[in-house]
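Per-entry structural report
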Amino acid sequence: MNWTIDLCYAIILTSLTGSVLTLMWYLVGELLEWTGFMNIRHILLRGVLIFYLVPVAYIMSKIPSHMSGMVDARFFASTPMILWISRALVALWVVGVMFFGIRHIGRTQGLNKKNEEAIPCERSVQEYFEQICLELKVPIGKVQLLQSYHAPVPAIMGVIHPKIILPVKAYSKEELRVIFLHELTHYKQGDLYGKAGMAVVLIMNFFNPVARWMSSLIGMWNEYACDYKVYPYVGGIRAYFDVIISMVEEKGSNELSVCLVEDSIELEKRVRHMKKFYKVKTYSKWVAAIILCAMILLSTNTVYAATGFLGRGYIELYDDTAVTVDENENEGTELTEYYATEIDENVHVVTKSVQSQARASYGFYWSVPKNTMYQTNGFTASSGGSISVMVDADPNDLTIEVGIIQPDDVRRYVTGSDVVTHTFNLTQSGTYRVYVKNDNGVAVEVDGTYIVK
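Residues numbered from 1 in each chain as written. Predicted model: local features only at pLDDT ≥ 70, side-chain atom pairs only at ≥ 80, totals over all residues. Heavy atoms only, no water.

Looking at unusual backbone geometry
Here the bond from aspartate 394 into proline 395 is cis, since omega is 10 degrees, no more than 30 degrees from zero. The phi angle at asparagine 371 is positive, at roughly 50 degrees, despite the residue not being glycine. With respect to the element layout, asparagine 371 can be found in the loop between strand S9 (361-368) and strand S10 (372-376). Take asparagine 371: its relative accessible area is 28%, and that puts it in the partly exposed class. Here the phi dihedral of aspartate 409 falls at roughly 70 degrees; this positive angle occurs in a residue that is not glycine. Of note, aspartate 409 is situated in the loop between strand S13 (400-405) and strand S14 (411-416). The class for aspartate 409 is exposed, based on a relative accessible area of 55%. (Helix = DSSP H or I, 4+ residues; strand = E, 2+ residues; numbered from the N terminus. Buried < 20%, exposed > 50% of the residue type's maximum accessible area, 1.4 Å probe, protein only.)

So, in structure tokens, the structure goes:
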């Protein structure tokens, strides 16, 4: 098949899987909160993030249908209409990724430019910061401490070289302790990597509103998890939030950093959440792994059903457009058939497997080297029937030979470039093969389908 079809459905299925698991996380998470599994819910959310990045459903759908049970193999077969739609969707996706990717890079560069003006903190503040690093077992120097006139609130940013940026102002020791503990805890629990991963997800899934919701959930739960871990070190919940409230700024959020507080609305949610669950128990990460596996199993049926729905729609489109091709051939566009009994000595013949499909339909995706003929395994067909073959070739300006091998070993074939389609009417009963022969000086990628009637 054409690579654009692969890419198109890898994007769709991956985004679908992530969305289903996000909704599943929310529903299961309500129960987890009620039972006190607060830290587990945060870990599970990070697990869900992986499924926006790894095309699990796509990989499963590529397994032969008798093994995966997902969808008919025609889900990835091609016709000229399907190729056109896939190329259009991929082109739109590439434009969107470029737009949002460039915008993200621009924001990152703008933030880095501002941070170039950041200056070291006073020695006493730096020494106290190093004490907190030792207390949290963070290697001294691993996270840099700076201050800037451009920073509205304390924040930590950067993945490879993380740094905490403080607004330029005077701080009490209690304020510095809360700030340092909070931001270093974000560093220790890997929130900077989560932010970077979420940025990639948003760029790749710019069309998916559930992914944007997922981004807000990641930011919110990073703060919840951090609050749970920090407040015992600063004298309790009230003392912790008293310090934070004193530094609230109505400056809005920054998706490139992890801030102590973004605005009063966000802070109010955190306070309410902490009041409700401050006695939460902690559970092993193994429990989170078990629950995540259970979530995946529970959501499998939903992904399966959605994938099957897409598959049925795809197959209907495939059958409709395949019929259109046959009609065009009947109108006089059928290619001229040639016959041959021998193969040149310099042509290498290789037998390749195909994907079995419903309705006596089979598919293959081969990279045929130069001076090579790829043929299918033998299959039975009867006199009076037909074998309809369609092959999409890339590069599309090279001529290839597409045909069948009859039971008497005579080759019947047509030649063409780009999309080659032809129906061979059978005059013999016995074992046949379908083949593609490449006489060009370079390899040719062929995406083919044949139907035996």
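We are not done yet, so read on.
Regarding the environment of isoleucine 132
Within the secondary structure, isoleucine 132 sits in helix H6 (residues 123-135). Once residues within four sequence positions are removed from consideration, isoleucine 132 is found in contact with Arg177, Phe180, Leu181 and Leu184. (Contact = heavy atoms within 4.5 Å.)

Some points on helix H8 (residues 191-204)
Look at H8: 20 Å from first C-alpha to last across 14 residues, which is about the 20 Å you get at 1.5 Å a residue. Listed as buried for H8 are Asp191, Leu192, Gly194, Lys195, Gly197, Met198, Ala199, Val201 and Ile203. (Expected span 1.5 Å × (residues − 1).)

Overview of the pairing of S10
Burial of S10 is extensive: five of the five residues sit out of reach of the surface. Of the two faces of S10, the one holding Thr372, Tyr374 and Thr376 and the one holding Met373 and Gln375 are both buried throughout. Summarising the sheet, strand S7 (residues 348-352) and S10 pair through five bridges and their orientation is parallel. Of the residues in S10, the one forming a bridge with lysine 352 is threonine 376. In this structure, S10 lies alongside strand S16 (residues 430-438), joined through four bridges in antiparallel fashion. Bridged to tyrosine 374 within S16 is valine 436. (Pairing = 2+ DSSP bridges.)

Quick notes on the pattern of salt bridges
This model, assessed by the stated rule, comprises seven salt bridges. Across the pair arginine 411 and glutamate 401 runs a salt bridge whose closest N-O atoms are separated by 3.2 Å. With arginine 411 in strand S14 and glutamate 401 in strand S13, this pair connects stretches of sequence that are ten residues apart. Since its relative accessible area comes to 7%, glutamate 401 is described here as buried. Salt bridges linked by common partners bring Glu401, Arg411, Lys437 and Asp439 together as one network. (Salt bridge = Lys/Arg side-chain N within 4 Å of Asp/Glu carboxyl O.)

Focus on a nonpolar patch on the surface
On the surface, Ile50, Leu53, Val54, Val200 and Met204 cluster together into a nonpolar patch covering about 390 Å² of accessible area. At the level of elements, helix H2 (38-53) and H8 are the ones that each hand at least two residues to the nonpolar patch. Position of valine 54 relative to the elements: it lies in the loop between H2 and helix H3 (56-62). Residue valine 54 is classed as partly exposed on the basis of its relative accessible area, which comes to 36%. (Patch = residues over 30% accessible without salt bridge, like charges linked within 9 Å, V, L, I, M, F, W, Y side chains within 5 Å. Areas by Shrake-Rupley, 256 points an atom, 1.4 Å probe, with all protein chains shown as cover.)

Remarks on the nonpolar core
Ranked by internal contacts, the top residues of the largest apolar core, which has 52 residues, are Leu166, Phe180 and Leu184. The leading source of residues in this core is helix H9 (residues 209-230), at ten residues. With sequence-adjacent residues up to four places away left out, leucine 184 is seen in contact with Phe129, Ile132, Cys133, Leu136, Val138, Val143 and Ile164. Counting 25 residues, the second largest nonpolar core, distinct from the first, contains Val368, Val402, Leu426 and Val434. (Core = buried A, V, L, I, M, F, W, Y, C linked by side-chain atoms within 4.5 Å.)

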